[in-house]
Structure formats: C-alpha cells, structure tokens
Amino acid sequence: MKKLLTVFLSIILFLSALSAIGIPETEAATAKTLYVKSSTGLKSAAKSSSSTLLTLSAGRALSIDTGTLKNGYYKTRTSGKTGWVLKSKVSQYAYSLSKQKIYKTTSIKSKVLKTLNAKQNVTVVGKKGQRYKVKSGSTVGWVVSSKFKIGQYNPTFEEQVVKLVNEKRAAAGLKALKSTSSLNNAAEKKSKDMRDKGYFSHTSPTYGNLPSMLQKFDISYKAAGENIAAGQTTPASVVSSWMKSPGHKANILSKKYTHIGVGYVSGGNYRHYWTQIFTAH
C-alpha cells in the first residue's frame, strides 16, 4: 500500500512540476480573411530565400489559418497555389487616405452611414469588386477601396501632440487648433536646429527669435507663440510638462490662436527635442 501511495504521490509531483514549468499549449487555429498591405510574394516555404510562386497585389484577400504561423509567415492557398506570406504584409485593418464616407450598400448613391476623417482606422470584414465592407465602431457598411490603404495607421509623435493639445482645449471649451504643413515644417526645423547646434532657447543662432523665424519661412500671422521642450520621451509626457508650466499652458489654451505646428526630433544632448508654434490668422 505504501508503495502504491509513493508512486501516486510521485505522479502528482511530476504533473505539478510540469505545470510550474509551463508546458506550452498548441495555439488554436483561427481562419481569417486578411488583406495584402502592399505587393509581396507568395513563397514556396516559410523563409525569405525560398522561391516566389506568384506576386500578391495590394488589397488582395487571402484566407489564412493563423495557427500556421512559422518564422513570421502564414500559410495560405490562393489561385490554386499553396504557399507562405509574411505576417507583416497582411492585415485585417485599413485606414482612410482622406475624408471618406461609409455607405449602406456598395453604391455611393446609397445612404451615408458615417463620415470618416483622414487616417482613420477601420476593420475590413469583406470585399466586393472595388469596395471594402468595413466596421467602424458599431457602424458596418461599404467604402471605396481605392480611397483606403490596408494596414493600421499609427499617428506620428507630432500628430499625437496635436491631438492631446486639442483634447486639452476641448476640455476648456476652446476650439481645436488646425495643423498646417508650413508650421510643422518650421517647428521641425527649430527642433533640428536645437539638436544640431546644441542649444535650448527660443532664440536660434540660425533663425533668430520666433518673429524672425516665421518671416524667413514666409509665414503670415496676427499673433504667434512658441513652446519648446527637451528630454521628454513621449507626446503624453511633453504635453503634461507643458501643461504644468503656466507660460506654456497659456499658449496651449489661448483663445486667440487658430493654428499649430509641431516638430519632434531625436538625438543630441537631450535625446528628444520638441517645438510647438502657435499662430492666429
């Protein structure tokens, strides 16, 4: 009896040890329709050096079993050929290239269900001809596929700063600031100048003070302001720092400003340099 008990306890301890080690479970296979982000090859094996069976064009729908992932490749079958496609080259998402509408049917004459801003992500749930069936929040409808790019749009640091600034303004009951390419360019040049010339100041050895700089970039304005920062690693941290400073916060929440430009660069002594330029028109 003692021998049987000892064997039984040994089995329990062995199973407990396996549980503690964490024996990996097989990933459940999930069939998904994914879409090609940009032109890529269907490979004969799950490695880049293998031969290309055929070229897959952007927007092409592929039925993929996500449980087949191997070396960063998914196994799929299309046009009578079975091969491998890079996971990084396919997605179930897309984003609008400009302001777009989601329609009730494939016809652009049908009811508009929702209007999307530029660079807004949606989930692609189907395709029919030159139309994608998409889901945005609780809205499901059809869009013109040529006006969308497969993949998720990841906002730049500059875009994130503008979004955070406008959220602060909205909370204060103020209108959103409009981002312009000319101000973004000037702000980026200022950040680069601070990094490359090794200074941190509102007065640049290259461009002078803010009015001089805006004049050099041929930017007209009625009023202007500038926020600079260095060392903060993320958009959230730099906006938080500015909001804790009365002078910087005043620029962000000024009623007179209508436009904004943001410039971010990495490197240099402080590793991260930020510039905001505000103007009123």
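Residues numbered from 1 in each chain as written. Predicted model: local features only at pLDDT ≥ 70, side-chain atom pairs only at ≥ 80, totals over all residues. Heavy atoms only, no water.

Caption draft 1: Molecular detail of the pattern of salt bridges. Following the criterion strictly, the structure yields six salt bridges and no others. One salt bridge connects lysine 163 with glutamate 167, and the closest N-O pair in it is separated by 2.7 Å. With a gap of four residues between them, lysine 163 and glutamate 167 both fall in helix H2 (residues 157-171), about one helical turn apart. Across the pair glutamate 188 and lysine 192 runs a salt bridge, and its minimum N-O distance is 3.5 Å. Placement of the pair is glutamate 188 and lysine 192 together in helix H3 (residues 181-197), with a separation of four residues, close to one helical turn. The partly exposed category is assigned to lysine 192, whose relative accessible area is 32%. (Salt bridge = Lys/Arg side-chain N within 4 Å of Asp/Glu carboxyl O. Helix = DSSP H or I, 4+ residues; strand = E, 2+ residues; numbered from the N terminus. Buried < 20%, exposed > 50% of the residue type's maximum accessible area, 1.4 Å probe, protein only.)

Caption draft 2: Representation of H3 within the structure. Between its terminal C-alpha atoms H3 stretches 24 Å, which fits the 24 Å expected from 17 residues at 1.5 Å a residue. Residues of H3 that are buried: Leu183, Ala186, Ala187, Lys190, Ser191, Asp193 and Met194. Summarising the axial view, the buried residues of H3 lie within an arc of 155°, below the 170-degree limit, and thus occupy one face. With respect to the buried face of H3, the exposed residues turned more than 90 degrees away are Ser181 and Asp196. The elements touched by buried residues of H3 are helix H4 (210-216), strand E16 (223-230), strand E17 (259-266) and strand E18 (272-280). (Expected span 1.5 Å × (residues − 1). Arc of directions from axis to C-beta. Contact = heavy atoms within 4.5 Å.)

Caption draft 3: Structural context of the packing of aromatic side chains. This model, assessed by the stated rule, comprises nine aromatic pairs. Between tyrosine 35 and tyrosine 132, the aromatic rings sit 5.9 Å apart at their centres with planes inclined by 70°, giving edge-to-face as the arrangement. Separated by 97 residues along the polypeptide, tyrosine 35 in strand E1 (residues 31-36) and tyrosine 132 in strand E12 (residues 131-136) bring together distant segments of the chain. Here tyrosine 35 falls in the buried class, since its relative accessible area comes to 2%. Measuring from ring centre to ring centre gives 4.4 Å for tyrosine 264 and tryptophan 274, while their planes differ by 45°; the resulting arrangement is tilted. Remark: tryptophan 274 occurs in strand E18 and tyrosine 264 occurs in strand E17; sequence separation between them is 10 residues. What makes tyrosine 264 buried here is its relative accessible area of 16%. Clustering of aromatic rings is evident, with ring pairs tying together Phe157, Tyr264 and Trp274. (Phe/Tyr/Trp six-rings, centres within 6.5 Å; stacked < 30°, edge-to-face > 60°.)

Caption draft 4: Geometry of the sheet that holds E18. Sheet architecture is open: four strands sit in the order E15-E17-E18-E16, paired in mixed fashion. Both edges of this open sheet fall to strand E15 (178-179) and E16, since each of them pairs with a single strand only. Of the pairings in the sheet, the one linking E17 to E18 comprises eight bridges and is antiparallel in character. Within the sheet, the bridge partner assigned to tyrosine 264 lies in E18 and is tryptophan 274. Contacts from H2 reach E15, E17 and E18, with the element oriented near 140° to E17. (Pairing = 2+ DSSP bridges. Axes fitted to C-alpha atoms, helices over the stretch in contact; angles between N-to-C directions.)

Caption draft 5: Representation of the side chain of aspartate 193 in the model. With respect to the element layout, aspartate 193 can be found in helix H3. A polar side-chain atom of aspartate 193 sits 2.5 Å from a polar atom in the side chain of serine 204. (Polar contact = N/O pair within 3.5 Å; in protein donor to acceptor, adjacent residues only side chain to side chain.)

Caption draft 6: The packing of H2 against helix H5 (residues 235-243), seen in detail. Two numbers describe how H2 lies on H5: the axes approach to 9 Å, and their chain directions differ by 40°. Here H2 lies oblique to H5, going by the angle between them. As H2 runs across H5, the sense of the crossing is right-handed. Contact residues: H2 offers Phe157, Gln160, Val161, Leu164 and Lys168, while H5 offers Pro235, Ala236, Val238, Val239, Trp242 and Met243. Here the contact of H2 with H5 is built from residues that sort into nine nonpolar, one polar and one charged. (Parallel < 35°, antiparallel > 145°, perpendicular 65-115°, else oblique. Left-handed = near helix turned anticlockwise from the far one by under 90°. Nonpolar A, V, L, I, M, F, W, Y, C, P; charged D, E, K, R; others polar.)

Caption draft 7: The environment of valine 112, seen in detail. Inspection of the secondary structure puts valine 112 in strand E10 (residues 112-116). Counting along the chain gives 11 residues from valine 112 to lysine 101, while the straight-line C-alpha distance between them is 6.4 Å. When sequence neighbours within four positions are dropped, the list of residues in contact with valine 112 reads Lys101, Ile102 and Tyr103.

Caption draft 8: Up close: the nonpolar core. Counting 18 residues, the largest nonpolar core has Val161, Val238, Trp242, Ile260 and Trp274 as the members making the most contacts within it. When contributions to this core are tallied by element, the ones reaching two or more residues are H2, E16, H5, E17 and E18. Element by element, the count of residues in this core is highest for H5, at four residues. Apart from the residues within four sequence positions on either side, tryptophan 242 is in contact with Val161, Asn227, Ile228, Ala229, His248, Lys249, Ile252, Trp274 and Gln276. Core analysis: the second largest hydrophobic core is formed by 11 residues, Tyr35, Ala94, Val122 and Ile150 among them. (Core = buried A, V, L, I, M, F, W, Y, C linked by side-chain atoms within 4.5 Å.)

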